[in-house]
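The residues making up each chain are set out below.
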Amino acid sequence: MELPNYQEARIRNKKYKTLKYKIEDGFKGKYQNKTYFLKTYGCQMNEHDSENIKAMLEELGFIETKDYMSADLIMLNTCSIRENAHNKAFGMLGRCKNLKEKRPNLIVGLCGCMAQEEGVVKEIMQKYHWLNFVMGTHNLYRLPYILDQSIELNTQQIEVFSKEGDLIEEIPVKRDTGYKAWVNIIYGCDKFCTYCIVPYTRGGERSRKKEDIIAEIKQLAELGYKEVTLLGQNVNAYGKDLYTDYGLGELLADIAQMKIPRITFMTSHPWDFTDKMIEVIAQNKNILPYIHLPLQSGSNRILKLMGRRYTKESYLELFDKMKKKIPSVSISTDIIVGFPGETDQDFQNTLDVVNYCKYDNAFTFIYSPRENTPAAKLKDNVSQEEKENRLHILNNTVNKYFLENNMKLIGSVEDVLVEGLSEKKKDNYYGYTRTKKLVNFTGENIKAGDIVKVEITEAKTWSLDGKLSK
Ligand code: SAH
Ligand code: SF4
Ligand code: F3S
């Protein structure tokens, strides 16, 4: 048994090796024809981990089912970022418990960020004896062994490494589509924003070697992939732990040489977004003019308490530079309201920045205290009602700009990467523009993965309507 420990999780030592994934021959196909159901909570990083989980399970012989009621194995890939992500996973665990009472042979496992939390694992050990295994984010590659042990020994297996350990290459991956791919470039986070649990659940920043990333993307290009998203909690930190003169800007420039029509990345911290990166985005047509630039707050006082390392002024300077240098760039953001002690004036400062930036998209949240984070210890005198009120005002404000920006596109012809047939409107296709705007459109003889020209005919708050352009 190996349990999470926050004190160890805080330590950053930059020593790690790059190793290769391998699975013992005896494991291949061992669970032939058993079914698995996998539920993913959280960010793209977790979604991508789930693509690894699927491939590893399928190597063992498991087959995916979308019906958890009938599955032989249920796995929950969890997220810790806010209380509601937590509650959802525990709700699902409750349903699994009921199922297991009816079908004692059912295997249930929990992995992902919640498994890295001391409190969660303690609770599981006290109250969830029936859960078959728990494994963390740092030992994803150990899934076949941990799962097999829990079945063979018929005992609860808990294996969570507090420290990130080595970087494992070549974990198999089963991608959802043949045209869009996520590629990890850096793991972990060293920023320690005071409200955020990620530096504890994902460990220290570790970049993949540029050769490994480039080889993976080259292969995706050969397979005909149309869009590659470079992933990291803070992609701007790419390379700092490995190289002295090679960062995200250089990596983007190298990847832009490959035959991938769309390259994008997330998430960028405003702190170390370099001029070189802006220049490379501006110069390469296949790097999408889309940047996710989390603001979190427009109040310098709150930004400081959050440990964000920038001010409203330096954020806006960067924002203006992007808008000036990258033609037609679209910028989206994340904003937290109700951080401990946020005053009306602090909130007004956030609204002022929103009114200036007129974001194309924004993800807005009410602050949620997270176990062991410094902000959770701050005195919080803002009522829940007030927080909800601020979120409501903020949402109305950002929505107004989404619509305003979308209206400007009416009459233009946009490149759209087709995702498939729309579920809502019969015979309508849907896909995304180069600035990641959702478009529903009419047309024929199109398939998922095509990039087509669409004339925009109507604008809504969260989507555009259009027709295939001749
Ligand atoms: N690495 C990314 C953020 C990943 S988490 C970055 O720094 O931009 C995604 C978003 O969740 C954050 O940008 C933040 O807005 C929000 N978030 C993180 N912790 C939160 C908390 N404790 N309460 C509410 N929102 C939070
Ligand atoms: Fe969390 Fe900040 Fe790291 Fe983003 S940069 S993952 S918000 S600590
Ligand atoms: Fe959630 Fe972990 Fe991602 S906490 S947002 S799944 S890194």
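Below you will find a few notes about this structure. Just so it is clear, the model here is predicted, and its values are computed rather than measured. (Residues numbered from 1 in each chain as written. Chains lettered and ligands numbered in written order. Predicted model: local features only at pLDDT ≥ 70, side-chain atom pairs only at ≥ 80, totals over all residues. Heavy atoms only, no water.)

For the chain, the count of helices and strands is 13 helices and 21 strands. For 470 residues, the compact-globule estimate of 2.2 N^0.38 gives 23 Å, and the chain sits close to it at 23 Å. For the chain, the spread of C-alpha atoms along the three principal axes comes to 65 × 60 × 50 Å. Taken over 470 residues, the chain has a buried fraction of 56%. Restricting to contacts in the chain with at least 6 residues of sequence separation, those with at least 24 account for 76%. With the model as given, the accessible surface of the chain reaches about 21100 Å², and the carbon-plus-sulfur share is 50%. (Helix = DSSP H or I, 4+ residues; strand = E, 2+ residues; numbered from the N terminus. Rg over C-alpha atoms; globule rule 2.2 N^0.38 Å. Buried < 20%, exposed > 50% of the residue type's maximum accessible area, 1.4 Å probe, protein only. Contact = heavy atoms within 4.5 Å. Areas by Shrake-Rupley, 256 points an atom, 1.4 Å probe, with all protein chains shown as cover.)

Another aspect to go through is the pattern of salt bridges. If you walk through the whole model with that rule in mind, you get 33 salt bridges. One salt bridge in this structure joins E58 and K174, with 3.1 Å as the shortest N-O distance. Placement of E58 in helix 2 (residues 44-59) and of K174 in the loop between strand 8 (167-169) and strand 9 (180-184) is noted, with a sequence separation of 116 residues between them. Under the relative-accessibility criterion, E58 is labelled partly exposed at 30%. Taking relative accessible area as the criterion, K174 reaches 31% and is therefore assigned partly exposed. Between D272 and K191 there is a salt bridge; the shortest N-O distance is 3.9 Å. (Salt bridge = Lys/Arg side-chain N within 4 Å of Asp/Glu carboxyl O.)

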